[in-house]
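Descriptive analysis of the structure
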Amino acid sequence: MTKHNMTNQAKFLMSLTALFALTASMAVASGAGTSGGQFLRVGVGARAAGMAGALSPIVDDPTAIYWNPAGLAMLEKREVSLSYNAYFVDTAQQFLGYGHPSKYGTFGVGITMLSVGSIEKRSAASGDADVPDGGEFNTQDMAGALAWANKFDLNAFAMHYGAALKFVSSDLDAASASTFAADLGVIAAHKASNLSFSLAVLNLGGELKFVDEGDPLPLNIKPGVGYRRDLGKMGKLNLALDADILVNDGLTYVQPGVEWWFHKNFAFRTGWQLGRDSDAGVGFAAGLGMRKDAIGLDYAFVPFGGLGDTHRVSLAYRF
């Protein structure tokens, strides 16, 4: 690498760091409140779900479009990822993502949808607000994203950086709202130690406004650290620790996660999201993964206490 290239890359890295710092300071200064677009907080993909959402420092598949767009730069082949989340009663989430490496960086496109059906209307026209006297209605939330990521070497680090522009919409019965948002991310992977350090700023943008009332999106500042280890005959181990600093909601969660490939084709995952309610089991997650040639299949079990248990399944194809 020439001295000129190293200087340019160092300047780029400093500029990117300054941008993240400015974004974080502006977000914190805005104060905590209530955000709209809460469906954006529901993570995508069974792999991440099985690790309690602790994936942003090591993500290397199309779900990086959601978790940290910089992870797209780790894709070695084209990959399609499809996931289904059987959430709470009458609630379902779907995600479809595609990553395409090229000499110009890695391009990605993804769409996330969450729907709730058969919600009872209660107008209290009969004098009793507990009587569903208005029939039923559905809700439909959607986020479509276009992403790009690239990488370069900076001394002992492999630097990955990325961004995503997304269109966010929400339909509530006859009312609807939409806006644009952006995600930014970096992952610095240390070559000698197998440690990786990440930072992502997610849902940076406008607000969802129904009629005259609007709420900002759930702005998420997401730092993380990951570690990869080859265990020889015992397989491969991936560890991750990251946090969700939900600025507009005034909430912070910290989640450690483990992924152990005990066989070249099979993995076990688990994690715990700290900061959740004290209900038994809330915050815990576990999952399994399978890889065979170009096909990947993942499953995750995530309990939510009194709200019930959720099950997530993902299918991936690399080519």
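Here the structure is shown first, and the text comes after it.
My aim in this report is to walk through the structure given alongside it, one point at a time. It should be emphasised that the depicted structure is a prediction, and the values quoted were computed from it without experimental measurement.

Rules used in this analysis
- Residues numbered from 1 in each chain as written.
- Predicted model: local features only at pLDDT ≥ 70, side-chain atom pairs only at ≥ 80, totals over all residues.
- Heavy atoms only, no water.
- 1 Å grid on protein atoms, 1.4 Å probe; cavity = no way out; pocket = protein on both sides within 12 Å on 5 of 7 lines; lining within 4 Å.
- Points joined across faces, edges and corners; volume = space filled by probe spheres on them.
- Helix = DSSP H or I, 4+ residues; strand = E, 2+ residues; numbered from the N terminus.
- Nonpolar A, V, L, I, M, F, W, Y, C, P; charged D, E, K, R; others polar.
- Pairing = 2+ DSSP bridges.
- Salt bridge = Lys/Arg side-chain N within 4 Å of Asp/Glu carboxyl O.
- Buried < 20%, exposed > 50% of the residue type's maximum accessible area, 1.4 Å probe, protein only.
- Phe/Tyr/Trp six-rings, centres within 6.5 Å; stacked < 30°, edge-to-face > 60°.
- Contact = heavy atoms within 4.5 Å.

Points about empty space enclosed by the protein
The full count for this structure, using the stated rule, is 3 cavities of 30 Å³ or more. Approximately 120 Å³ is the volume attributed to the largest cavity. Those elements giving two or more residues to the lining of the largest cavity turn out to be helix H3 (64-67), strand S3 (105-120) and strand S4 (136-154). Here the lining of the largest cavity takes 3 residues from S3, the largest share from any one element. Here the lining of the largest cavity is built from residues that sort into 9 nonpolar, 2 polar and 2 charged. Quantified by volume, the second largest cavity comes out at close to 100 Å³. Lining the second largest cavity are 13 residues, and of these Asp61, Thr63, Ser81, Asp298 and Ser314 lie nearest its centre. Elements supplying a minimum of two residues to the lining of the second largest cavity: helix H2 (46-50), strand S1 (79-86) and strand S16 (309-318). Element by element, the count of residues in the lining of the second largest cavity is highest for S16, at 3 residues.

Here's the deal with the pairing of strand S7 (residues 195-205)
Relative to S7, strand S6 (residues 175-190) runs antiparallel, the two being bridged by 8 bridges. From the neighbouring strand, valine 186 faces S7, where its bridge partner is leucine 199. Counted along the chain from S6 to the antiparallel partner S7, the turn is 4 residues long, and its residue asparagine 194 has a positive phi close to 65 degrees. By the bridge criterion, 8 bridges tie S7 to strand S10 (residues 220-230) in an arrangement that is antiparallel. Across the sheet, residue valine 201 finds its bridge partner in S10, namely isoleucine 221.

Some details on the pattern of salt bridges
Within the structure shown, the criterion is met by 13 salt bridges. Between aspartate 244 and lysine 222 there is a salt bridge, with its nearest N and O atoms 2.5 Å apart. Of this pair, aspartate 244 sits in strand S11 (residues 236-246) while lysine 222 sits in strand S10, and the two are 22 residues apart along the sequence. Per residue, the accessibility class of aspartate 244 equals that of lysine 222, and both read buried. The salt bridge partner of glutamate 259 is arginine 269, with a shortest N-O separation of 2.7 Å. Remark: arginine 269 occurs in strand S13 (residues 266-272) and glutamate 259 occurs in strand S12 (residues 251-263); sequence separation between them is 10 residues. Here the salt bridges do not stand alone but share partners, grouping Arg47, Asp60, Asp61, Arg228, Glu259, Arg269, Arg291 and Asp298 into one network.

Looking at the packing of aromatic side chains
Counted by the stated rule, this structure contains 9 aromatic pairs. Measuring from centroid to centroid gives 6.0 Å for tyrosine 87 and phenylalanine 304, while their planes differ by 75 degrees, and the two rings are edge-to-face. One end of the pair, tyrosine 87, is in the loop between S1 and strand S2 (91-102); the other, phenylalanine 304, is in the loop between strand S15 (295-303) and S16, and 217 residues separate them in sequence. Assessed through its relative accessible area of 17%, tyrosine 87 is described here as buried. A relative accessible area of 15% places phenylalanine 304 in the buried class. Clustering of aromatic rings is evident, with ring pairs tying together Tyr98, Tyr317 and Phe319.

Details of the environment of proline 62
Topologically, proline 62 is positioned in the loop between H2 and H3. In this structure the C-alpha to C-alpha distance between proline 62 and histidine 100, which are 38 residues apart in sequence, comes to 9.0 Å. Setting aside its immediate chain neighbours within four residues, proline 62 contacts Leu72, Leu75, Glu79, Ser81, Phe95, Gly97, Tyr98 and Gly99.

Topic: unusual backbone geometry
If you check the backbone angles, asparagine 155 has positive phi at about 55 degrees while not being a glycine. Within the secondary structure, asparagine 155 is located in the loop between S4 and strand S5 (157-172). Its identity as a non-glycine residue notwithstanding, aspartate 293 has a phi of 55 degrees, on the positive side. Checked against the element boundaries, aspartate 293 lands in the loop between strand S14 (284-292) and S15. Classification of aspartate 293 as exposed rests on a relative accessible area of 75%.

Just geometry here; none of it tells us what the structure is for.
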